[in-house]
Amino acid sequence: DLFWRIGDFLFIYKIVPLQYRMRELFLSTPWNYQYSTFIEKPSGKIAGSVIDAFGNLGDLLHTTIYEYLDDLIKFPTLIAIVFWASPANAAVYVLFTVMLMAANIYMAKSVRRDSRAHANNQSSVNGRLYDSYSNFVNVKSFGAEDKENLALSLDNDSLTKTSIKKHLTITYYWTTAS
């Protein structure tokens, strides 16, 4: 498939270098904030957020190139062929496509909101783990194991709730998209 090969070369020569430039941006961005931004936030949470964002960027770029790029050409071509055969059927097809796109955009906003809340809670749990284990000697020295476990348990409960909500929203999204 010609479009597949074009996608390969585009990915190799344009997207891969872009990913690494974006990585530099993600890693340098926290230094632009004031010190007060980081007060009361575990450093592991900040690092986890940067790592998650960079990982998701690669997935987004890969999906866009390999799954949606050829649709930009196939869809208008299909509409033109159907319109040539039957303008009424083409109008109905376009109408239902627009309605489906509107429903997907509406649901995508909900997915984004719930995914963002889940990612925030996930980074809180990861940050607490990173900070707790990196300060292992201090936690043990001051006998704060129970306090650390309680804080992790509360964060984990919140993570569980947002995870359930995110997965339900994604299920509803794919139900409307199908």
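For the structure itself, consult the block above.
Residues numbered from 1 in each chain as written. Predicted model: local features only at pLDDT ≥ 70, side-chain atom pairs only at ≥ 80, totals over all residues. Heavy atoms only, no water.

> Help me understand the overall build of the chain in this model?
In terms of helices and strands, the chain carries six helices and zero strands. Each helix and strand of the chain, placed in order from N terminus to C terminus, yields the pattern α-α-α-α-α-α. Here the chain holds 178 residues, and 24% of them are scored as buried. Partitioning the intrachain contacts of the chain with sequence separation of at least 6 by distance along the chain shows that 76% fall at a separation of at least 24. (Helix = DSSP H or I, 4+ residues; strand = E, 2+ residues; numbered from the N terminus. Buried < 20%, exposed > 50% of the residue type's maximum accessible area, 1.4 Å probe, protein only. Contact = heavy atoms within 4.5 Å.)

> Can you help me understand a nonpolar patch on the surface in this one?
Taken together, the side chains of L2, F3, I6, L72 and I73 make up a nonpolar region of the molecular surface, amounting to roughly 480 Å² of accessible area. Of all the elements in the fold, those that place two or more residues in the nonpolar patch are helix 1 (2-28) and helix 3 (71-85). With three residues, the single largest contributor to the nonpolar patch is helix 1. Relative to the helices and strands, F3 is located in helix 1. (Patch = residues over 30% accessible without salt bridge, like charges linked within 9 Å, V, L, I, M, F, W, Y side chains within 5 Å. Areas by Shrake-Rupley, 256 points an atom, 1.4 Å probe, with all protein chains shown as cover. Salt bridge = Lys/Arg side-chain N within 4 Å of Asp/Glu carboxyl O.)

> Just to check I follow, could you spell out the packing of aromatic side chains for this structure?
Each aromatic ring pair is specified by the distance between its two centres and by the angle formed by the two planes. Taken as a whole and judged by the stated rule, the model has two aromatic pairs. Between Y173 and W174, the ring centres sit 5.1 Å apart and the planes meet at 75°, which makes this aromatic pair edge-to-face. (Phe/Tyr/Trp six-rings, centres within 6.5 Å; stacked < 30°, edge-to-face > 60°.)

> What is the right way to read the environment of R112 from this model?
For R112, the location among the structural elements is in helix 4 (residues 87-134). The exposure class of R112 is partly exposed, given its relative accessible area of 49%. Taking the C-alpha atoms as reference points, R112 and T169, 57 residues apart in sequence, are found 9.4 Å from one another.

> Just checking my understanding: could you explain the layout of surface pockets for this structure?
Over the atoms, a rolling probe the size of a water molecule traces out where space has been left empty. Its boundaries defined by the atoms lining it, the second largest pocket holds a volume of some 640 Å³. In terms of lining, the second largest pocket is formed by 16 residues, of which the most central are Y68, D71, T97, M101 and N104. For the lining of the second largest pocket, the secondary-structure elements that each account for two or more residues are helix 3, helix 4 and helix 6 (145-177). When the residues that make up the lining of the second largest pocket are grouped by side-chain class, the tally is 11 nonpolar, two polar and three charged. (1 Å grid on protein atoms, 1.4 Å probe; cavity = no way out; pocket = protein on both sides within 12 Å on 5 of 7 lines; lining within 4 Å. Points joined across faces, edges and corners; volume = space filled by probe spheres on them. Nonpolar A, V, L, I, M, F, W, Y, C, P; charged D, E, K, R; others polar.)

Treat this as a map of the structure, not an account of what it does.
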